[in-house]
Amino acid sequence: MQGPDFDLDFKPAHGEAVTVADDVQRITVNNPGPFTFHGTNSYIVGKRSVAVIDPGPDDEAHLEALMAALAGREVTHIAVSHTHRDHSPLARRLKAATGALIVGEGPHRSARPLHTGETNPFAESSDMEFAPDLVLADGGRIEGDGWSLTGLTTPGHTANHMAFALDGTGILFSADHVMAWATTIVAPPDGAMADYMASLEKLLYRDEHLYLPGHGGPVTEPASFLRGLRAHRKMRERAVLERIRAGDSRIPDMVKVIYASTDIRLHGAAALSVLAHLEDLIEQGRVETDGPPSLLGAYRLAPGGAG
């Protein structure tokens, strides 16, 4: 099976409210970069009484753009998909300005404890101050005037990642779990590959027909796209096993080959993705290392585990 067909055709219209579906507007933050594409997407859901999904970074211009788009409307909820600093910090200022409840799966946390001597390479990107007023469990719902959102736990990118289904519309706000422009970063210890793959499977059992992601444009055929993402990750897993079989025991050597055509600015994230695959392969009993898996570790095939 082929991997996903990525779509890079996206016009961000920074600071402008763009209608993307009935009673759904998107405003893109002007924070482009290798991990954010053209910027972070915030969404406004509803007519008179609305929810804001992923208010974004603590950016004055973006707060002004949101407030201009919200003028004359009541904001009841601020739904946050996860606690990376390009998605959640502005929630606090938006709450102060509107009185809305901040909603999310929970505070920031890692997918697993740090190993002895390990540092979290994404610690600077994590919003450790995030504290939701309303903790939403899987399947939990928030409602407003003419709309309701159901939270779906989708860990993998972060342990507290949550997507939001706009009930009765076939729309899913997929945040950073599924994006049309690129694959999702899965970086231990914040994220975990086994969790990410399970979250893909979870969405495959659902029937939404339009995904509105945290970066870039919509995913218009989510079922086939999800299958493509799953195939892509399985291909990466095979590539890691092939590199070990070829004699590459260390992650930097694997990255040089597997990600030879990838922007070198992303090789650090690629190394973390390889580590995520290796952690999963160790759990499967297919790869071994001495001590806890790490970026500096040496890896080998487990006896009988390469199949």
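Check the entry above for the structure.
Residues numbered from 1 in each chain as written. Predicted model: local features only at pLDDT ≥ 70, side-chain atom pairs only at ≥ 80, totals over all residues. Heavy atoms only, no water.

(A) Representation of the sheet that holds strand 1 (residues 18–21) within the structure. Strand order in this open sheet of seven strands is 1-2-3-4-5-6-7, and the pairing throughout is mixed. Looking at strand neighbours, the two that pair on one side only are strand 1 and strand 7 (134–135), the edges of this open sheet. Here strand 3 (residues 41–46) pairs with strand 4 (residues 49–53) via four bridges, running antiparallel. Across the sheet, I44 pairs through a bridge with V52, a residue of strand 4. (Pairing = 2+ DSSP bridges. Helix = DSSP H or I, 4+ residues; strand = E, 2+ residues; numbered from the N terminus.)

(B) Just the packing of helix 4 (residues 222–245) against helix 5 (residues 251–258), in detail. Contact pair helix 4 / helix 5: the axes reach a minimum separation of 10 Å and the direction vectors enclose 120°. Comparing their axes, helix 5 and helix 4 come out oblique. Between helix 4 and helix 5 lies a crossing whose hand is right-handed. Seen from helix 4, the contacting residues are R236, A239, V240, R243 and I244; seen from helix 5, they are M254, V257 and I258. (Axes fitted to C-alpha atoms, helices over the stretch in contact; angles between N-to-C directions. Parallel < 35°, antiparallel > 145°, perpendicular 65-115°, else oblique. Left-handed = near helix turned anticlockwise from the far one by under 90°. Contact = heavy atoms within 4.5 Å.)

(C) Broad picture of helix 3 (residues 193–204). Over its twelve residues, helix 3 extends 17 Å from the first C-alpha to the last, a length consistent with the 16 Å expected when each residue adds 1.5 Å. Taken together, the buried positions of helix 3 are occupied by M193, Y196, M197, S199, L200 and L203. Buried residues in helix 3, looked at end-on, bunch into an arc of 160°, giving them a common side. The elements touched by buried residues of helix 3 are strand 9 (147–153), strand 11 (171–175), strand 12 (210–213), helix 4 and helix 6 (267–283). (Expected span 1.5 Å × (residues − 1). Buried < 20%, exposed > 50% of the residue type's maximum accessible area, 1.4 Å probe, protein only. Arc of directions from axis to C-beta.)

(D) Structural detail: the pairing of strand 4. Within strand 4, five of the five residues are buried, leaving the element largely enclosed by the surrounding structure. By the alternation rule, side chains of strand 4 split into S49, A51 and I53 and V50 and V52, which are all buried. Where strand 3 folds back on strand 4, the antiparallel hairpin that results is connected by two residues. When strand 4 meets strand 5 (residues 74–79), the two strands line up parallel, connected through five bridges. Across the sheet, V50 pairs through a bridge with V75, a residue of strand 5.

(E) Just the sheet that holds strand 9, in detail. Strand order in this open sheet of five strands is 8-9-10-11-12, and the pairing throughout is mixed. The two strands at the open ends of the sheet, each matched to only one other strand, are strand 8 (141–144) and strand 12. Averaged over all adjacent pairs, the angle separating strand axes in this sheet is 25°, with direction ignored. Where strand 11 and strand 12 come together, four bridges link them in parallel fashion. Bridged to F173 within strand 12 is L212.

(F) Just the packing of aromatic side chains, in detail. Scanning all chains against the criterion turns up four aromatic pairs. Each ring, one from F37 and one from W181, has its centre 4.5 Å from the other, and the planes form 10°; the classification is stacked. On the criterion of sequence distance, the pair formed by F37 in the loop between strand 2 (24–28) and strand 3 and W181 in the loop between strand 11 and helix 3 is long-range, its members being 144 residues apart. As far as burial versus exposure is concerned, F37 and W181 are alike and both buried. Taken together, the ring pairs in this structure connect F10, F37 and W181 into an aromatic cluster. (Phe/Tyr/Trp six-rings, centres within 6.5 Å; stacked < 30°, edge-to-face > 60°.)

(G) Quick peek at the pattern of salt bridges. With the rule as written, the count across this model stands at 19 salt bridges. A salt bridge links R243 to D248; the shortest N-O distance between them is 2.9 Å. A relative accessible area of 14% means that D248 is categorised as buried. Among the charged side chains, a network of salt bridges with common partners joins D58, E60 and R93. (Salt bridge = Lys/Arg side-chain N within 4 Å of Asp/Glu carboxyl O.)

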